[in-house]
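# Observations on the model geometry
Letter by letter, the chains look like this.
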Amino acid sequence: MEVVLLGTGSILTTSLSSCAVLDSRIMLDCGNGAVKALRRNNIDPKSVDICLITHFHADHFFDIPFMLLEQGLRQLRENEFIIIGPNDTKHRIINLFNLAYPEDWDKIQSQSKLKVIEISEPRQVFQVYGYDITSVKVEHANYDAYGYIVSDGQFCAGFTGDAVLCEGVIDITESSNIVFADMSFENPSKGHMGLSDIEILMNEYGQNKRIIPTHMTDNVRNVFSQKHFPAPEDGAKYSL
């Protein structure tokens, strides 16, 4: 199992928006710039079979039209392209795509073999293409937001998405070998964890698993690197 962090930043940063790809097949969020980041990391966007959406903010969702173009513009996929996300995911995908390329939706939907699965429970398990994917409800202000645990049967990688330190984040951490966790600020703020929360997770679980910060402002990246270890940059790779 290999995880590549395509982006490690939050919105107003020099780094790309937080996004990851696992085994070149599963994308965790698809925010602005995510598809080009795949190419920069020598990953063919057409190799992605599954896209997991944590919530609908633009920096986690707005490259979906470009991913669908990669999947279905010049080719007919042999297998389904699966997007898993919160309630209303399909409706939002259609609206977003029609804002961008309204004349191409029917063709893209058909040729990409798009299948949208909407999460209906606080904790839900999906078995897709040999992976067990568990969605876990997390707290992110008043938004419908989820983190994910992805298992290949041997290892588990956890992704909190945008979240405060909550039961969902603890669930993801305890269930995973490595966790990629929201660390937007030095202190918790506006539905996000801060450096102090990451330190709590590191102190509690760091002896048995790796806690990797992402979704960072430039300032908290620098502070974390000075206190602990170099914070990951865009393109960082982790193997399990």
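All values derive from a computational prediction rather than experimental measurement.

Calculation criteria
Residues numbered from 1 in each chain as written. Predicted model: local features only at pLDDT ≥ 70, side-chain atom pairs only at ≥ 80, totals over all residues. Heavy atoms only, no water. Helix = DSSP H or I, 4+ residues; strand = E, 2+ residues; numbered from the N terminus. Rg over C-alpha atoms; globule rule 2.2 N^0.38 Å. Buried < 20%, exposed > 50% of the residue type's maximum accessible area, 1.4 Å probe, protein only. Contact = heavy atoms within 4.5 Å. Areas by Shrake-Rupley, 256 points an atom, 1.4 Å probe, with all protein chains shown as cover. Lys, Arg positive; Asp, Glu negative; His and termini not counted. Charge placed at Lys NZ, Arg CZ, Asp CG, Glu CD. Core = buried A, V, L, I, M, F, W, Y, C linked by side-chain atoms within 4.5 Å. Phe/Tyr/Trp six-rings, centres within 6.5 Å; stacked < 30°, edge-to-face > 60°. Pairing = 2+ DSSP bridges. Axes fitted to C-alpha atoms, helices over the stretch in contact; angles between N-to-C directions. Left-handed = near helix turned anticlockwise from the far one by under 90°. Nonpolar A, V, L, I, M, F, W, Y, C, P; charged D, E, K, R; others polar. Salt bridge = Lys/Arg side-chain N within 4 Å of Asp/Glu carboxyl O.

### Describing the overall build of the chain
- Within the chain, the secondary structure is distributed over eight helices and 13 strands.
- In terms of overall dimensions, the chain is globule-like: its C-alpha atoms have a radius of gyration of 17 Å, near the 18 Å expected for 240 residues.
- Taken along its principal axes, the extent of the C-alpha atoms in the chain is 50 × 35 × 35 Å.
- Taken over 240 residues, the chain has a buried fraction of 56%.
- Counting contacts in the chain only where the partners sit at least 6 residues apart, residues at least 24 apart contribute 61% of the total.
- A total accessible area of about 10600 Å² is found for the chain, and carbon and sulfur atoms account for 47% of it.
- When the 20 basic and 32 acidic side-chain charges of the chain are each reduced to a single mean position, those positions are 6 Å apart.

### Notes on the nonpolar core
- Met27, Cys30, Ile64 and Leu68 are the most contacted members of the largest nonpolar core, which totals 28 residues.
- Looking at this core, the elements with two or more residues in it are β1 (2–7), β2 (19–22), α1 (34–40), α3 (64–72), β5 (81–85), α4 (89–100) and α5 (105–111).
- In contact with Ile64, not counting residues within four places along its chain, are Cys30, Cys51, Ile53, Ile83 and Ile93.
- Counting residues in hydrophobic clusters, the runner-up holds 27 residues, among them Val3, Phe126, Tyr148 and Ala157.

### Comments concerning the packing of aromatic side chains
- This model, assessed by the stated rule, comprises seven aromatic pairs.
- Seen from their ring centres, Phe97 and Tyr101 are 6.0 Å apart, and the 55 degrees between their planes marks the pair as tilted.
- A connected cluster of aromatic rings, assembled from ring pairs, spans Phe66, Phe97, Tyr101 and Trp105.

### A look at the sheet that holds strand β10 (residues 156–159)
- Strands sit in the order β7-β8-β9-β10-β11-β12 across an open sheet of six strands; the sheet is mixed. The open sheet has two edge strands, β7 (123–128) and β12 (210–214), and neither has a second partner. Neighbouring strand axes in the sheet, compared pairwise and without regard to direction, differ in orientation by 20 degrees on average.
- Note that β10 and strand β11 (residues 178–182) share three bridges and pair parallel. Across the sheet, Phe159 pairs through a bridge with Phe180, a residue of β11.
- Seen against the sheet, helix α6 (residues 167–174) touches β7, β8 (131–140), β9 (143–151), β10, β11 and β12 and runs at an angle of roughly 150 degrees to β8.

### A short note on unusual backbone geometry
- In this structure, Lys113 takes a positive phi of about 50 degrees despite not being glycine.
- Checked against the element boundaries, Lys113 lands in the loop between α5 and β6 (114–118).
- Taking the relative accessible area as the measure of exposure, Lys113 reaches 33% and is therefore partly exposed.

### Re the packing of helix α7 (residues 195–205) against helix α8 (residues 218–227)
- The interhelical angle for the contact between α7 and α8, taken along N-to-C directions, is 35 degrees, at an axis separation of 11 Å. Seen along the crossing, α7 lies across α8 with a hand that is right-handed. Residues Leu195, Ile198, Glu199 and Met202 of α7 pack against Val220, Val223, Phe224 and Lys227 of α8.
- Among the residues making up the contact of α7 with α8, the classes are represented as six nonpolar, no polar and two charged.

### Remarks on the pattern of salt bridges
- Scanning all chains against the criterion turns up nine salt bridges.
- In this structure, Asp44 engages Lys46 in a salt bridge whose closest nitrogen and oxygen atoms are separated by 3.5 Å.
- By relative accessible area, which is 37% here, Asp44 ends up partly exposed.
- Between Asp144 and Lys137 there is a salt bridge, with the nearest N and O atoms lying 2.5 Å from each other.
- Using a relative accessible area of 28% as the deciding quantity, one classes Asp144 as partly exposed.
- Linked by salt bridges that have partners in common, Arg25, Asp49 and Arg77 make up one network.

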